[in-house]
Amino acid sequence: MYALVDCNSFYCSCERVFNPKLEEKPVIVLSNNDGCAVARTDEAKALGIKMGDPYFKIKELCKKNNIHVYSSNYSLYGDMSRRVMRTLSEFSPEMEIYSIDEAFLSFKGMNKDLIQYSIEIKNTVKKYTGIPVSVGLGPTKVLAKLANNYAKKNKKQTQGVFQIGVDKESDEILKKFPVGDIWGIGSKSAMKLTLMGINTAYDLKNSNEKTIQKILTIVGRRIVEELRGVSCIELELDLSPKKQIVSSRSFGRPVFEKQELQEAIANHITTASEKLRKQQSITKSILIFVQTNPYKNTPQYHNSATMKLMSGSSTTNKLIKYSFQCLDQIFKPDYEYKKVGVIFMDIYPKKNSQRDLFSLHDSAKDDMLMQTLDNVNEFQGKGSLKFAACGVNQFWKMLSEMKSPNYTTRWTELMSIR
DNA sequence: TCTGGGGTCCTAGGACCC
DNA sequence: TCTGGGGTCCTAGGACCC
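What you are looking at is a predicted structure, and each value in this text was computed from that prediction instead of being measured.

Participant: Please clarify how the packing of aromatic side chains should be interpreted in this entry.
Facilitator: Describing an aromatic ring pair means giving the distance of the ring centres and the angle of the ring planes. Here the structure, examined in full by the defined rule, presents 15 aromatic pairs. Between Phe91 and Tyr117 the ring centres are 5.7 Å apart and the planes differ by 65°, which places this aromatic pair in the edge-to-face class. Of this pair, Phe91 sits in the loop between α4 (74-88) and β5 (95-99) while Tyr117 sits in helix α5 (residues 114-129), placing them 26 residues apart in sequence. Measuring from ring centre to ring centre gives 5.5 Å for Phe107 and Tyr117, while their planes differ by 65°; the resulting arrangement is edge-to-face. Of this pair, Phe107 sits in the loop between β6 (102-106) and α5 while Tyr117 sits in helix α5, and the two are 10 residues apart along the sequence. Its relative accessible area of 2% is what places Phe107 among the buried residues. Across the ring face of Phe104, the terminal group of Lys141 is positioned such that the distance to the ring centre comes to 4.7 Å. Directly above the ring of Tyr348 sits Lys284, whose terminal nitrogen or CZ lies 4.6 Å from the centroid.

Participant: Sorry if this is basic, but what is going on with the pairing of strand β1 (residues 2-7) here?
Facilitator: Side-chain direction in a regular strand flips from residue to residue, so the side chains alternate between the two faces of the sheet. By the criterion of burial, β1 is predominantly enclosed, with six of the six residues buried. Bridging between β1 and strand β7 (residues 133-138) involves six bridges; their strand directions are antiparallel. Bridge pairing links Ala3 to Leu137 in β7. As defined by bridge partners, β1 adjoins β6 across five bridges and the pair is classed as antiparallel.

Participant: In this structure, what is going on with the nonpolar core? I would like to understand it.
Facilitator: One broad rule of soluble globular proteins: the nonpolar side chains tend to lie buried together. One finds Phe10, Leu88, Leu105, Phe107, Ile121 and Ile131 to be the most contacted residues of the largest nonpolar core, which totals 34 residues. Counting only elements with at least two residues in this core, the list comes to β1, α1 (10-18), β2 (27-30), α4, β6, α5 and β7. In terms of residue count, α4 provides more of this core than any other element does, six residues in total. The contacts of Phe107, once residues within four sequence positions are left out, are Met1, Ala3, Phe91, Ser92, Leu114, Tyr117, Ser118, Ile121 and Leu137. By size, the runner-up hydrophobic cluster in this structure holds 32 residues, among which are Leu309, Leu319, Ile330 and Tyr335.

Participant: Would you mind showing me how to read the pairing of β5 here?
Facilitator: For β5 and β6, the ladder comprises four bridges, and the chain directions are antiparallel. Counted as the bridge partner of Glu96 is Phe104 from β6. Connecting the antiparallel pair β5 and β6 is a turn made up of two residues.

Participant: Help me understand the side chain of Ser273, please; the structure alone is not making it clear to me.
Facilitator: The residue Ser273 is located in helix α12 (residues 258-278) in this model. The buried category is assigned to Ser273, whose relative accessible area is 0%. For Ser273, the side chain forms a polar contact with the main-chain oxygen of Ile269, separated by 2.3 Å. Setting aside residues up to four positions removed in sequence, Ser273 forms contacts with Ser314, Thr316, Leu319 and Phe344.

Participant: Is there a simple way to explain the pattern of salt bridges in this structure?
Facilitator: Taken as a whole, this structure holds 22 salt bridges when the rule is applied. Across the pair Lys318 and Asp362 runs a salt bridge whose closest N-O atoms are separated by 2.9 Å. A residue pair is termed long-range when its members are at least 10 positions apart, and Lys318 in helix α13 (residues 316-330) and Asp362 in the loop between β13 (347-349) and α14 (364-380) qualify at 44 residues. Take Asp362: its relative accessible area is 4%, and that puts it in the buried class. The residue Asp367 makes a salt bridge to Lys350 at a minimum N-O spacing of 3.2 Å. Of this pair, Asp367 sits in helix α14 while Lys350 is found in the loop between β13 and α14, placing the two residues 17 residues apart along the sequence. On the basis of relative accessible area, Asp367 is assigned to the partly exposed category, the value being 26%.

Participant: What's the story with the protein's contact with DNA strand B in this structure? I'm lost.
Facilitator: Taken together, the neighbourhood of DNA strand B is formed by 25 residues, with Lys243, Val246, Ser248, Ser250 and Lys338 sitting nearest. Sugar plus phosphate, as a fraction of atoms of DNA strand B within 4 Å of the protein: 75%. Ser31 places a polar side-chain atom, nitrogen or oxygen, 2.9 Å from a sugar or linking oxygen of DNA strand B. Note that a sugar or linking oxygen of DNA strand B is positioned 3.0 Å from one of the side-chain N or O atoms of Arg249. At the level of secondary structure, the elements contributing two or more residues to the surface near DNA strand B comprise α11 (209-227), β9 (245-255) and β12 (337-344). Ranked by the residues each element gives to the surface near DNA strand B, the list is headed by β9, at six residues. For the surface near DNA strand B, a count of residues per class yields eight nonpolar, nine polar and eight charged.

Participant: Before we go on, may I ask you to explain the sheet that holds β1 in this structure?
Facilitator: Each strand in a sheet pairs with another by means of backbone hydrogen bonds, the pair being arranged parallel or else antiparallel. The mixed open sheet is built from five strands, whose spatial order is β5-β6-β1-β7-β8. Taken across any chain shown, the strands that pair with only one partner, and hence form the sheet edges, are β5 and β8 (161-163). Each strand axis lies, on average, 15° off the axis of its neighbour in the sheet, ignoring direction. Along the sheet, α5 makes contact with β6, β7 and β8, crossing β7 at roughly 160°.

Participant: I keep staring at the protein's contact with DNA strand C and nothing clicks. Help me out?
Facilitator: With respect to spatial proximity, 14 residues lie near DNA strand C, and among them Glu102, Lys145, Gly184, Gly186 and Ser189 are the closest. A share of 100% is what sugar and phosphate atoms reach among the atoms of DNA strand C within 4 Å of the protein. One of the backbone nitrogen or oxygen atoms of Gly184 is found 2.8 Å away from a phosphate oxygen of DNA strand C. The separation between a phosphate oxygen of DNA strand C and a polar side-chain atom of Ser189 is 2.5 Å. Considered class by class, the residues forming the surface near DNA strand C number four nonpolar, five polar and five charged.

Participant: I would appreciate a short explanation of the packing of α4 against α5 in the present structure.
Facilitator: To describe two helices that pack against each other, one gives the angle between their axes and the distance between the axes. Where α4 meets α5, the closest approach of the two axes is 10 Å, and the angle between their N-to-C directions is 140°. Classified by the interaxial angle, the pair formed by α4 and α5 is oblique. Between α4 and α5 the crossing geometry is right-handed. On α5, the residues touching Met80, Arg83, Val84, Thr87 and Leu88 of α4 are Ile121, Thr124, Val125, Tyr128 and Thr129. Taken together, the residues of the contact of α4 with α5 sort by class into six nonpolar, three polar and one charged.

About the cut-offs
- Residues numbered from 1 in each chain as written.
- Chains lettered and ligands numbered in written order.
- Predicted model: local features only at pLDDT ≥ 70, side-chain atom pairs only at ≥ 80, totals over all residues.
- Heavy atoms only, no water.
- Phe/Tyr/Trp six-rings, centres within 6.5 Å; stacked < 30°, edge-to-face > 60°.
- Helix = DSSP H or I, 4+ residues; strand = E, 2+ residues; numbered from the N terminus.
- Buried < 20%, exposed > 50% of the residue type's maximum accessible area, 1.4 Å probe, protein only.
- Lys NZ or Arg CZ within 6 Å of the ring centre and 35° of its normal.
- Pairing = 2+ DSSP bridges.
- Core = buried A, V, L, I, M, F, W, Y, C linked by side-chain atoms within 4.5 Å.
- Contact = heavy atoms within 4.5 Å.
- Polar contact = N/O pair within 3.5 Å; in protein donor to acceptor, adjacent residues only side chain to side chain.
- Salt bridge = Lys/Arg side-chain N within 4 Å of Asp/Glu carboxyl O.
- Near = heavy atom within 4 Å.
- Nonpolar A, V, L, I, M, F, W, Y, C, P; charged D, E, K, R; others polar.
- Axes fitted to C-alpha atoms, helices over the stretch in contact; angles between N-to-C directions.
- Parallel < 35°, antiparallel > 145°, perpendicular 65-115°, else oblique.
- Left-handed = near helix turned anticlockwise from the far one by under 90°.

Shape is all these values report; function is a separate question.
What follows is the structure, encoded as structure tokens:
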């Protein structure tokens with residue numbers, strides 16, 4: 001048996017923990033650059049705010065209804081996530097952290113009343129962290145996800161905990177569950193299935209698995225089996241290193257100059273290489289991309305350039321240098337740029353990496369420099385020490401005009417209580 | 001004015017090997 | 001008439017997730 005524990009309106013709930021006035025009020029949190037609504041409380045959903053609604057389109061609606069609007073505060077959400085996960089880990093020896101606000105727990109071999117246990121989990125997380133969660137129970141991950149979805153949508157009846165199995169009673173739930181809401185069935189697959197007359201989870205469970213495999217590949221077939229209670233998707237317990245690392249951002253204002261793009265790219269390389277070193281990897285291929293604003297009626301341009309590195313590297317200054325060479329290949333003047341980013345694509349463990357004849361690999365000196373840099377920034381705060389290429393003004397930076405304090409990660413922003 | 005960011009997995013087809 | 005069989009690796013593109 002699996003449980004899927006999912007935090008309710010996670011980002012909004014984090015804001016509520018430190019600002020209880022928001023309780024029972026409509027709250028939304030915006031994506032980076034104050035772009036779209038990415039988290040909404042039930043009250044905000046009831047007022048018609050949709051997932052991904054661009055903020056400028058709903059601004060009036062928010063004002064009129066006193067919706068509390070926040071820019072995203074990732075250091076807060078990341079820290080709260082760690083607290084939730086740490087709490088959850090005490091309830092099962094096997095846990096997969098699936099996303100910032102979700103985890104699968106395995107209850108294999110546990111001889112317990114699992115519903116009762118799940119209620120205990122829910123209450124403990126709330127008590128320890130202030131975050132409300134819902135729990136879905138099922139014999140497979142797909143069913144646990146489905147049960148969780150049901151629990152969330154029917155909070156009143158379920159109290160946020162729901163179990164689903166393969167019995168007749170569960171089938172009644174599946175009959176009302178839209179096929180497109182199943183974990184792993186996206187909009188494209190949902191469309192194909194609907195055309196075949198498969199509209200609900202129940203329909204999919206009872207369709208021919210070989211036919212489904214032909215249309216939705218092995219991925220779709222696994223979902224069919226999982227709906228039937230046959231577990232095909234395992235818990236992923238090992239913290240495997242990332243195979244790809246991306247850093248990108250939209251600009252807060254139009255950018256035309258190459259030097260500004262360079263500055264932004266240098267910052268992205270800095271972020272991405274920090275992640276790379278943290279997991280003790282090197283990259284053998286970097287990609288940088290630039291693009292104009294596709295929503296704006298201006299001349300459009302987007303392009304990317306890749307560079308292969310024979311021996312790989314995780315040294316920020318080297319990677320900055322290479323990224324500038326990539327930019328030189330694709331930069332065109334007079335375009336209004338909206339976004340740039342870097343992707344590290346061929347990632348390998350640093351240990352035992354192949355060295356090359358011409359000594360282009362990272363030297364012991366490089367490694368020591370990076371180690372020192374990381375130590376200083378760990379101790380003094382992110383960005384305390386950086387390469388000059390990253391610039392100091394960063395006037396192209398993203399908008400974040402309604403951000404709450406970093407309540408839990410900065411001494412200066414600690415809450416004071418009178 | 002104004003529309004996010006970061007990931008994974010699967011498949012088909014090409015190129016290559018013996 | 002008729003031209004093998006078995007395999008790997010890589011890449012681009014598609015689909016999905018939160």
